Each structure stands twice: as C-alpha cells, then as structure tokens.
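Coordinates in review
This is what each chain is made of:
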Number of protein chains: 2
Amino acid sequence: MTSPASLDSLKSKLREIHHLHDAAAVLSWDQETYMPAGSGAIRAEQLATLQTLAHNQFTSPEVESLLGSFVDIDTGTILPNQETTLDDTAHALLRETWRDFSRAKKLPSSFVNKLERECSLAQQIWQEARKTNDFQRFLPNLERLVRLKQQEAEYLSYTDSPYNALLDTFEPGSTVAQLRPLFAELRTHLIRLLDQIRNSPVQPNTSLLTQSFDTAKQVDFGRLVLKQMGYNFQRGRLDLSAHPFTTAFHPTDARVTTRVFEKDMPSCLFSCIHEGGHGLYEQGLSPQHYGTPLGEAISLGIHESQSRLWENSVGRSQAFWKYLYPKLQETFPEQLGAVQAEEFYLAINQVVPSLVRVEADELTYNLHIMVRFEIELEVIEGRVEVDELPELWNAKIEEYLGVTPSNDAEGVLQDVHWSFGAFGYFPTYTLGNLYAAMLFQQAKQDMADLEQNIGQGNFLPLKNWLNDRVHKWGRQYSASDLIQQVTGQALTSEPFVKDLEEKFGNLYQFST
Amino acid sequence: MTSPASLDSLKSKLREIHHLHDAAAVLSWDQETYMPAGSGAIRAEQLATLQTLAHNQFTSPEVESLLGSFVDIDTGTILPNQETTLDDTAHALLRETWRDFSRAKKLPSSFVNKLERECSLAQQIWQEARKTNDFQRFLPNLERLVRLKQQEAEYLSYTDSPYNALLDTFEPGSTVAQLRPLFAELRTHLIRLLDQIRNSPVQPNTSLLTQSFDTAKQVDFGRLVLKQMGYNFQRGRLDLSAHPFTTAFHPTDARVTTRVFEKDMPSCLFSCIHEGGHGLYEQGLSPQHYGTPLGEAISLGIHESQSRLWENSVGRSQAFWKYLYPKLQETFPEQLGAVQAEEFYLAINQVVPSLVRVEADELTYNLHIMVRFEIELEVIEGRVEVDELPELWNAKIEEYLGVTPSNDAEGVLQDVHWSFGAFGYFPTYTLGNLYAAMLFQQAKQDMADLEQNIGQGNFLPLKNWLNDRVHKWGRQYSASDLIQQVTGQALTSEPFVKDLEEKFGNLYQFST
C-alpha cells in the first residue's frame, strides 16, 4: 500500500510542471498585449523551451513512477491494492492525469518543440498576412502546421479519422461521428429560422450601433459590466489585444482582453461579456487543486458554454438590458439618449449572414463553425491541399451563408486559430452554444427569480450557481457526465433551438 | 581535439537555460507592472520553479561535461589540448561561463529555491510595509533574507569578509578592501564640496519643478527623450512601476519603466533618462552572443555607469537643455513658459542633503550609498541585528547628511533592494558614477564635437561610441580591464570629483 504522502508527491510534481505552463501563458499574454514588435523571434524560442521542458518533465520517469504507483501505466486502471484507499477525488485526479500522461508520452519531445516553435512563428506571420491580405505569405507556415497536426494525430493514434485525435485534445470524448448528425440537425433548424428571419418585415436599425463611441469610454463600460458580473479585478485584468482572449495562470490571476473600435460599439461590449464568462470559470476553479487536472477546465466546449451563456443567454437578453441600458445611455447620451431600449435590444440581436465569425450573430455563428469543421476535416484527412483553402472557404461560406468574401483577410485569414495549430478547436464553439442553452435552461428551473435578479443587475446568484455546478469541479467529471449531472439530459441542441425560436420569433414576429 | 561543434553545443545549452531566466524576467516585469494584486503568492512559486530549474540545468552533468571538454572544471584553466584551437572570444566565453558555473555549483538547488521564494514574497511584504510605514511587518522577512544571504556567502566562500562573496555577485572583482579607501577619499571631497555649496549665496528656485505637471504629458515627454537618445521602441517599451527599473529578455526586448508624480516633474524625467541608459546597454548587447556571458552586461557598476552617464553627464548638462528646454517649455507652457533656461538648469542641479536616495542629487547620492554600504557590512558580518536597522539607519543618515527621517518609509524601508536579497548591490551605484565620469571624459576626448552635438539634440554619436566601446563586448572583458582599455586608467574618483567641482563651482559660484 502506498502512503497518502505519495499522492501529495505526485500533486506537488504536477504543480511544479504547471508553473512552466503558467510561465508560458504569461509570455503568450505578454506577446499579445505589450511585447515590442521586434522581439517575436526570440519569444518563439523562449516559449518552445518552456513547453518542451514542461513536456519532458511530465513524461519523465519520475512522473511515470509516481503515477505508476497508483495506476497501471499502460491502461490507466487503478491498481487493485489502491482501489480501496482512494476516494472519488483521487480517482478522478488519477484518471485525468493518466489521460494527459498517456497522450503526452505519445508525442516525442523533439516534435513538441518543433510544433511550439512553428506555432509561435506562424502566429506572427499570420498577423502580418491578415494585415496585408496576403494568404501566400501565410501559406508555407500553414502547410507546415497542417503536416505537423497530421503527424500529431498519427502519434496520438485514433479510430475512424485523424481528426478525432485532434478533436479529443480540445473536447475529450467528442468524435466526428457524434458531431456530424448533431451539426446536420442543428443546421436544418438554423436554415429554417434564417429563412423566417429573412422573410420578416422587421428591420433592426443597427446604424445606431455604428455611431462614434469614444473607445476609452467603451472599455470603461466593459470593465463596469465585468465587475457587475462578479469578475474579480483583484484576481484579473482587462487589456487590449488584436483578438480577444482569456488566459489564466492560477485562479488568482485570470486575465481577459478585448478589442475596441470607435464605430462598432458591440464589438468591445460583447467581447468583454464573453471573455468575462471565460474569466469567471478560471477564477472559479479550485485553488486547492491548482496544477492538477482537477484545477483545470473540463474542455473547451464547457469553457465556451460559460462565455456564451453570459454573452448570449444573459448579455443579449431583455432582462439584462432592462438594468444596463440606462447606464449605457448615461455613458453615451449623445449617441443613445434618444434611442429606446427596445430599439437597442433589437439592434444587438440582429440576425444577418455575414463574413466574419467573431462578429456574427448567435444564430449564423454556428454556420461559420460548420464551414470550418468541414474544411478542417477535408484538410486533415488529406483530401484538400492547403493552397486550395481560400477557394474552398469562399465556396462554403457562400453555400452556408449566401455571402462571399471580397478578400482573404475577411475570408480564410480571419481566424487566429490555425496559426497556433488549433485544428479541431472550432467545433467546441458550437458545442459551447448548445451546453450554454442547456445550462441556462437548468439555471432558470433552479432559480425561479433568475430573470428578475438579472433585471435588477444582480448577477451574483447566477455566478454562484455556475461556480457551484460547473467551475469548482475542474475535471472531476467529463463534459458529458457534468452536463448529464447538472441538467439531467445528454447533449442536445433542443434548448438552444428553442431559445432561438422564442427570441427571434418575438423579435422578428414569426411563429414556429 | 574537440571539434568546434561542441562549443556550439555548449552555447546552445546555455541559450536554452537562458530562456528560463528570460521567462522569469518576464514574470518579474509583469509582477511589477500589470499583475493583479491578488496573485502574489502563486507568482512567487512560479518564479521559484523557474529559477530552480535554471539552476539545476546549469549545474547539471550535461553542462559540466560540455564545459569540461574545454576547461579544467575545478580551476577554470583552459585544457592544454584546447589552448591553440580557441580564439580570444572563446577564451572569454569559457572563462565567464566557468565563473558562473563554479559559483552556481556551490549553491544547493534547495537553497536557491528557498531564496527565490523568500525574495518574491519579501518584495510584496516590503511594498505593503513601506505603504503603511510598518518596519515590523517587514522585519521577519528581512531577518530570514539576511540569514539566507549570510548562508549564501558561506556556500560561495570568501576571503576577509562574507560581504565580498555578495559584492562579487554584482561587481566581480570588487572587494571591501578596495571600496573602503575609495569611498573614504571620495567622501572627503563630497563633504568639502557640500560645505562650499551650503555656504554659497546661490539659492536654486526648485519650486518651479514642483508645480502641477500633467502626468500623461510627463510620460510622453519621457518617451520623446528616450527616442532622442536612440532607445529603440521597436525593441523595448516604457511602462509605469512603483520603482523604475530596466529588464531585458534579449537585445530585441529591453524594457524600461518609470514612475510619475504630478508635483515632482524631475522624477519621471530623470527616471526615463536613467533607465534609458540601462536600456541602451541591453539593446546594444550582441544578439549573436545572446544566452552566453558574452551577451550579458559586465557588472552592475558598468551597467550603472551607462544610466548615470546619460542621467548626469548628459541629462543634467547645459548642452542637453540647450536643445531640450524649448521643447519642455512647449509641453508645459503654463508652468515653464516664463522660466529662463538658466533658472531651470540650476533647479535640476540643486544640491541639498535629503532623505531619499532615488531623489538625491548627483553629489549627495553617494553619501546615501556609503550609509547603505556600511550598514550592510555590519549586518552581513553579524555585528548588528536586523531589528536595530531603523535606528542605525537614522543615526548614519544624520551623520552623513545632517537630516533625520521622520518615519521608516522615508528611512530604512525606502529601498526595494533588500527585499529581493540584493545585499552588496548598493556600492555598484557609486562605482557607476565613477565609471560614468571616466567614460564621459574619454568620450569628450575622442569626440571634440560631442558637446556641440548634444546641444543640437544629436545624441547618436555618443550612443554609437558607447555601443562600440562598452555595450557590444558583453563580458568579454572584466570591468577593470574594460575601463583600463577604454580610458587608459584604472578606476579612480578623480574625473567624477573634477566634474562636480567644475559644475557646482560654476553653479554655486565658488572656486576649488
């Protein structure tokens, strides 16, 4: 029998390794926010060293031996002599640690180093390529990244599709076989609703959102909303970056970023709310389990459910603006003083097929995801070459959304994800939308006065509910188990579709 | 014979280890500038892990073996079979690498980890203690740090005084036996000059510097001066922090910070110039030698010579303000429009004994250093207990400067250094002043039009001269060799005293 002390040894080693990941995350945050333009090359090397070291330490004989005193290192099964001494938490800790360990062991250190270096450089090239609308500039990097990701899938091994290996990185347990029918069904509903909206006589006046809004005031307002949501600025911060993101180095240091445009007020506002949802998840993780899987978010889909729940279920609801709209009017009296709350509410909920995912409404957003999912499948499964992507992108966007990019900057170059090797990541956005609707439906059932509270600016009951039901567990449960446990149902698009039908039926005056 | 490839292996390994130091430096920069208040504890742990790892890697059998194929690992002597194959650069690289290696080997990894952790925590406690003027709050941390530094000296071994071991960390080759007479002689001159200034009828009107100056405009002006000095903002940045500092992660990313007070204009201005001098050194190091000792600054004294040269020899000179004062007037027309350049020049050169080192003039500054040097000696050599420091501090400040702190925040708690374990660091400030005067004297000899150029805002000849004579060499030469080589003299306080006599003789109208 192993003494409890040695589980502590394992945790302590994991925490030490996590410090390296945290350091890399600080360097990445710095790269996106404040790093001088001239030091991209060396930053890529520094990051590669940190990630390689973390990888080497995690796959070291030391960790293997610590972990191996509890589980069969080949299968992950808890050793018979440990079964009775370990509680549920320890079981979950070992299950998830073994999952990470066995995946990491499959990737050679030299490969991890190469991939890290490629990603860091590709991100910088992508930024320039997007700025100059020059896909050819980015092409060699993207080609190398695709080959590396295909290679990664081979190292990790998979059934059915190499894409499953990549998907499993971001959404453990998710597969192409699960997503295809889920997305197909969802697509039918979205297309139906989109048709109804297209045929509606209602025309939101979105020009009120594209007046001139002082950027500093916008960011201040975003900060105010974050505070109101319960995001703790003693344990986080808000900065500007090209692409909004959330990063955390510990529950006491979970940072969000936004971007701000003078003539696009919703961009900063909803980025803040969205990233705030992510930030609350990170601030709500257990400090006690920091450094171990139980101190980490379950999956990107669950992470995204938190941002989407706040952004859409809360941030685009009537109740939310009942409370907040007068404050927004006070901030921008010239622009919004004469605009009715209803008119504003309709404008921020406009549904219109467009080119850019991050600016898309909550309905068509998912069509953007489906386009990316299908393109990624083609590329990773090797049926399409990287240099064909701009054309394929434009064709699919036209097929799904009926609009055509006029250049690659608003087409295939628009997203940062591929530049850091995140293939298999996009589907988690739509999964997040579906989880969010399921969770919010449950929250309303659990708290009869939820909407009333939101209408009074009291978001804390919702934040606490999420802390309690989702955040604090870390990876104690899988995504499907957690959703089943909290909502009593398996993953389904029904609540999401129902929400869309209700909201847009009302706004656009149609019945479903 | 070892092939040249294996010197590359050594360099490559050193660079990789350097990435960890760089990462730690980014985390420290972040801690001082943007880190949320609530995450101090975890940051201390993250830093400790990085430093320990770097230490372990540097003292690993791998480095020992790589280094050992060129030098006798016990003595540092180049192996006979290598002598002829290595050029001067390689000799210097191996000499300095062995110096670092043999010092590092003497410090056990557990000790380094403990010290790192203590320092990071103590820094945060010190900040609070200074804010609340509460030395008792800081006392236990400082006691632990002193004990750790005494222990460090024992590990490193020393002759004469444990203080020599600490001094040698910051100023290799410097000893108590060298500093005592140097400082004693300097002190005699300073006291004499201070008496003459005290007896002068000239009274600078410094109230013009403490009017209200918009803080954003002050920082903008600091940025303008930095640009003019040749500090490259594509390879650096300027931020705010409680205590101004410079940090670099590579010559392409050398950052400076300043602080800014509405009613103390010189503080931000001269911090920018001072840190700019440090920043130019870091930006001027050889990227080719990055990660190895030849890509690092020689010593803190030489580093400080760069900041002091710019701050005092240039930034407080008449020529400098001939060019810059009209621009400063344009920036602050209300405050300075009616103030003559001469009056301003006199005000920024006021000599008056005061309590706070970082706000001290260039003459009395050195008396502050002597106080700290003597106190540190007492404490490290064990003749004085840490809890006696506030009293000892006040007594010495009164003896040297004739003023008495009214509380510990403006007394013993004023400096950040001890909170990060930097005992033996302060003397390098005065050494920096002496080196600066020697270098500037030489620069004037080498460039007859130097003053004229400065008067026209053309600082590039001076920057290039420093790049060429000092920066680019890294640790190729020791401090004393470099000074000898550039100026043809050994370290002396003569040029410094001569500069003071000339400048203050003119300003305060006395003859020496």
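Note that this is a predicted model, so its numbers are computed, not measured.

The number of helices and strands found in chain A is 21 helices and three strands. Over its C-alpha trace chain A gives a radius of gyration of 23 Å, about what one expects of a compact globule, namely 24 Å for 512 residues. Per-residue burial over chain A gives 46% buried out of 512 residues. Taking the intrachain contacts of chain A between residues at least 6 apart in sequence as the baseline, contacts between residues at least 24 apart amount to 71%.

Residue and element names in this part refer to chain B. One can describe the packing of helix α2 (residues 40-58) onto helix α5 (residues 109-131) by two numbers: an axis separation of 8 Å at closest approach and a directional angle of 150°. Classified by the interaxial angle, the pair formed by α2 and α5 is roughly antiparallel. The two elements α2 and α5 meet at a crossing, and its hand is right-handed. Contact residues: Gly40, Arg43, Ala44, Leu47, Ala48, Gln51, Thr52, His55 and Asn56 in α2; Ser109, Val112, Asn113, Glu116, Arg117, Ser120, Leu121 and Gln124 in α5. Each residue belonging to the contact of α2 with α5 can be placed in one class, and the counts come to five nonpolar, nine polar and three charged.

What follows concerns the interface of chain B and chain A. Every contact between the two is made by 28 residues of chain B and, on the other side, 28 residues of chain A. Element by element, the count of residues in the side of chain B that touches chain A is highest for helix α1 (residues 4-33) of chain B, at seven residues. Here the residues of the side of chain B that touches chain A sort into 12 nonpolar, nine polar and seven charged.

Residue and element names in this part refer to chain A. Taken domain by domain, chain A holds domain 1 (4-158) and domain 2 (176-508). Domain 1 and domain 2 are separated by 26 Å when their C-alpha centres are compared. Taken together, the contacts link 37 residues of domain 1 with 32 residues of domain 2. Every element with two or more residues in the side of domain 1 that touches domain 2 is listed here: α1 (4-33), α4 (88-105), α5 (109-131) and α6 (135-156). Classifying every residue of the side of domain 1 that touches domain 2 gives 19 nonpolar, nine polar and nine charged.

On to the nonpolar core. In globular proteins that are soluble, nonpolar side chains generally tend to be buried together. The biggest cluster of nonpolar side chains holds 269 residues, and the ones touching the most others in it are Ala23 of chain A together with Ala23 of chain B. Aside from chain neighbours lying at most four places away, what touches Ala23 of chain A is Leu50 of chain A together with Ala23, Leu27, Gln46 and Leu50 of chain B.

The two copies are related by a screw operation: chain B maps onto chain A through 180° of rotation and 0.0 Å of translation along the axis, at an RMSD of 0.0 Å. Such a turn and shift between the copies fits a two-fold axis. Identified as the residue of chain B closest to the rotation axis by C-alpha distance is Ala23 of chain B, at 3.3 Å.

Attention now goes to the sheet that holds strand β3 (residues 254-258) of chain B. Residue and element names in this part refer to chain B. An order of β1-β3-β2 is seen for the three strands of this open sheet, with the pairing classed as mixed. Only two strands of the sheet have a single neighbouring strand rather than two, namely β1 (238-240) and β2 (246-248). Each strand axis lies, on average, 30° off the axis of its neighbour in the sheet, ignoring direction. Pairing between β1 and β3: three bridges, direction parallel. By the bridge assignment, Asp239 is partnered in β3 with Thr257. Against the sheet, helix α10 (residues 265-284) engages β1, β2 and β3, with an angle of about 170° to β3.

Residues and elements named next belong to chain A. Where helix α8 (residues 176-198) meets helix α15 (residues 365-380), the closest approach of the two axes is 11 Å, and the angle between their N-to-C directions is 145°. The interaxial crossing formed by α8 with α15 has left-handed handedness. Here Val176, Leu179, Phe183, Leu186, Arg187 and Leu190 of α8 come into contact with α15, specifically with Asn366, Leu367, Met370, Phe373 and Leu377. Of the residues assigned to the contact of α8 with α15, the class counts are nine nonpolar, one polar and one charged.

Residues and elements named next belong to chain B. Of all five residues making up β3, five are buried, and the element is well covered by its neighbours. Side-chain alternation along β3 places Ala254, Val256 and Thr258 on one buried face and Arg255 and Thr257 on a second face that is also buried. As paired elements, β2 and β3 share three bridges and run antiparallel to each other. In the strand pairing of β3, Thr247 is matched with Arg255. Adjacent in sequence and paired antiparallel, β2 and β3 are bridged by five residues.

To continue, consider the sheet that holds strand β3 (residues 254-258) of chain A. Paired through their backbone hydrogen bonds, the strands of a sheet run either parallel or antiparallel. Residues and elements named next belong to chain A. An order of β1-β3-β2 is seen for the three strands of this open sheet, with the pairing classed as mixed. One side of each edge strand has no neighbouring strand; the edge strands of this open sheet are β1 (238-240) and β2 (246-248). Sheet twist, expressed as the mean angle between neighbouring strand axes with direction ignored, is 30°. Running at roughly 170° to β3, helix α10 (residues 265-284) makes contact with β1, β2 and β3 of the sheet.

On to unusual backbone geometry, then. Residues and elements named next belong to chain A. Phi at Ser157 takes a positive value of approximately 70°, unusual for a residue other than glycine. Inspection of the secondary structure assignment puts Ser157 in the loop between α6 and α7 (162-170). The backbone of Asp160 sits at a positive phi, close to 70°, despite the residue not being glycine. Considering the arrangement of structural elements, one finds Asp160 in the loop between α6 and α7.

Before going further, it helps to examine the confidence of the model for chain A. Taken over all residues, the pLDDT of chain A has a mean of 96, while the share at 70 or more is 99%. Overall fold confidence for the complex sits at a pTM of 0.92, while the interface term, ipTM, reaches 0.91.

So, on to helix α9 (residues 215-229) of chain A. All names here are of chain A. With 15 residues, α9 should cover 21 Å at 1.5 Å per step; its first-to-last C-alpha distance of 21 Å lies within 8% of that length. Residues of α9 that are buried: Gln218, Phe221, Gly222, Val225, Leu226 and Met229. For α9, the buried positions fall inside an angular range of 145° around the axis, keeping them on one side. Phi turns positive one or two residues past the end of α9, at Gly230, with a value near 100°.

Residues and elements named next belong to chain B. Taking 1.5 Å as the rise per residue, helix α6 (residues 135-156) with 22 residues should run 32 Å; its terminal C-alpha atoms sit 30 Å apart, in good agreement. Within the sequence span of α6, burial applies to Phe135, Phe138, Asn141, Leu142, Leu145, Val146, Lys149, Glu152 and Ala153. Looking one or two residues past α6, Ser157 carries a phi angle of roughly 70°, positive in sign.

Next up on the list: the environment of Leu482 of chain A. All names here are of chain A. Secondary-structure assignment places Leu482 in helix α20 (residues 479-487). Taking the C-alpha atoms as reference points, Leu482 and Ile298, separated by 184 residues in sequence, lie 9.1 Å from one another. Once residues lying within four places of it in the same chain are set aside, the contact partners of Leu482 are Ile298, Ile302, Val470, Trp473 and Tyr477.

This part covers the environment of Thr252 of chain B. Summarising the element assignment, Thr252 of chain B is placed in the loop between β2 and β3. Residue class for Thr252 of chain B comes out buried when judged on the 23 C-beta atoms lying within 10 Å of it. Apart from the residues lying within four places of it in its own chain, the contact partners of Thr252 of chain B are Gly38, Ser39 and Ile42 of chain A together with Arg235 and Pro287 of chain B.

About the cut-offs
- Residues numbered from 1 in each chain as written.
- Chains lettered and ligands numbered in written order.
- Predicted model: local features only at pLDDT ≥ 70, side-chain atom pairs only at ≥ 80, totals over all residues.
- Helix = DSSP H or I, 4+ residues; strand = E, 2+ residues; numbered from the N terminus.
- Rg over C-alpha atoms; globule rule 2.2 N^0.38 Å.
- Buried ≥ 20, exposed ≤ 12 C-beta atoms within 10 Å, placed from the backbone.
- Contact = placed C-beta atoms within 7 Å.
- Axes fitted to C-alpha atoms, helices over the stretch in contact; angles between N-to-C directions.
- Parallel < 35°, antiparallel > 145°, perpendicular 65-115°, else oblique.
- Left-handed = near helix turned anticlockwise from the far one by under 90°.
- Nonpolar A, V, L, I, M, F, W, Y, C, P; charged D, E, K, R; others polar.
- Domains from an automatic or database assignment.
- Core = buried A, V, L, I, M, F, W, Y, C linked by C-beta atoms within 7 Å.
- Least-squares fit on C-alpha atoms with pLDDT ≥ 70 in both.
- Pairing = 2+ DSSP bridges.
- pLDDT = per-residue confidence, 0-100.
- Expected span 1.5 Å × (residues − 1).
- Arc of directions from axis to C-beta.

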